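# Remarks on the overall topology
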Amino acid sequence: MKRLWIALFALLLSACATAPVDNNPRPAWIDNPGDGVSASAGTHVKGRVAQEELAIARARVEFAKRFGVAIDAGQTTATQVANGRSSTVSTAVSTEETRQMDVKAMVKAKWLDVERDVLWVWLVPAH
């Protein structure tokens, strides 16, 4: 009888020692989105649909920055010397061009971090 109690106690103790199983593990694409982008949105006052729309909008902005925006920057410097005096004039020009018609993306995956109520979306190029 004593052995039965010891065995039962050992079984219960070992059950308590096991690590909890995470049924909702963090996907790898959040930290390594490959050719796409990942973005998140926390709890939204207007509910889950608004939270998802915000996460997608953030992902689209990041995607456009990476794949649909061309930046051209240049600087011109002119120096004049007259009667032993010099004068330098510098002009910097930066142009940002957006080619939105070339940027096409789709949501490949979504993941909800239940503990923090943060929704993540993965946006990838649409082919």
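None of the values given here were measured: they were computed from a predicted structure.

## Comments concerning unusual backbone geometry
The phi torsion at Asn83 lies on the positive side, around 55°, for a residue other than glycine. Following the sequence through the fold, Asn83 ends up in the loop between β2 (69-82) and β3 (85-98). Assessed through its relative accessible area of 82%, Asn83 is described here as exposed. With a phi close to 55°, Asp117 is a non-glycine residue in the positive phi region.

## What to know about the nonpolar core
Most often, soluble globular proteins keep nonpolar side chains buried together rather than apart. In terms of nonpolar packing, the biggest core is built from 9 residues, these being Val37, Ala39, Ala41, Ala55, Ile56, Ala59, Phe63, Val121 and Leu123. Counting residues per element, the ones that place at least two in this core are β1 (37-41), α2 (48-67) and β5 (118-125). Looking at which element gives the most residues to this core, the answer is α2, with 4 residues. Counting residues in hydrophobic clusters, the runner-up holds 8 residues, among them Trp29, Trp120, Trp122 and Val124.

## Some words on the packing of aromatic side chains
Applying the stated criterion to the full structure yields 1 aromatic pair. Relative to Trp122, the ring of Trp29 lies with its centre 5.5 Å away and its plane at 5°, an arrangement referred to as stacked. Of this pair, Trp29 sits in the loop between α1 (2-17) and β1 while Trp122 is found in strand β5, placing the two residues 93 residues apart along the sequence. Over the aromatic face of Trp120 sits the side chain of Arg26, whose NZ or CZ is 5.3 Å from the ring centroid.

## Brief notes about the confidence of the model for the chain
Overall, the prediction assigns the chain a mean pLDDT of 80, with 68% of residues at 70 or greater. Mean pLDDT per element in the chain: α1 is the minimum at 63, and β5 is the maximum at 95.

## Overview of the sheet that holds β1
Adjacent strands of a sheet form backbone hydrogen bonds with each other and so pair up, either parallel or antiparallel. Across the sheet, which stays open at both edges, the 3 strands sit in the order β1-β5-β4 with antiparallel pairing between neighbours. Whereas interior strands pair on both sides, the edge strands pair on one side only; in this sheet they are β1 and β4 (105-113). Taken over all neighbouring pairs, the strand axes of this sheet differ in orientation by 25° on average, direction set aside. Against the sheet, α2 contacts β1, β4 and β5, and its axis sits at roughly 145° relative to β1.

## Points about the pattern of salt bridges
Scanning the entire structure with this criterion turns up 5 salt bridges. Between Lys110 and Glu52 there is a salt bridge, with its nearest N and O atoms 2.6 Å apart. Of this pair, Lys110 sits in strand β4 while Glu52 sits in helix α2, and the two are 58 residues apart along the sequence. Its relative accessible area of 47% is what places Lys110 among the partly exposed residues. Residue classification places Glu52 among the partly exposed residues on the basis of a relative accessible area of 24%.

## Observations regarding the side chain of Asp113
If you trace the backbone, Asp113 turns up in strand β4. For Asp113, the side chain forms a polar contact with the main-chain nitrogen of Glu115, separated by 3.3 Å.

Basis of the calculations
- Residues numbered from 1 in each chain as written.
- Predicted model: local features only at pLDDT ≥ 70, side-chain atom pairs only at ≥ 80, totals over all residues.
- Heavy atoms only, no water.
- Helix = DSSP H or I, 4+ residues; strand = E, 2+ residues; numbered from the N terminus.
- Buried < 20%, exposed > 50% of the residue type's maximum accessible area, 1.4 Å probe, protein only.
- Core = buried A, V, L, I, M, F, W, Y, C linked by side-chain atoms within 4.5 Å.
- Phe/Tyr/Trp six-rings, centres within 6.5 Å; stacked < 30°, edge-to-face > 60°.
- Lys NZ or Arg CZ within 6 Å of the ring centre and 35° of its normal.
- pLDDT = per-residue confidence, 0-100.
- Pairing = 2+ DSSP bridges.
- Axes fitted to C-alpha atoms, helices over the stretch in contact; angles between N-to-C directions.
- Contact = heavy atoms within 4.5 Å.
- Salt bridge = Lys/Arg side-chain N within 4 Å of Asp/Glu carboxyl O.
- Polar contact = N/O pair within 3.5 Å; in protein donor to acceptor, adjacent residues only side chain to side chain.

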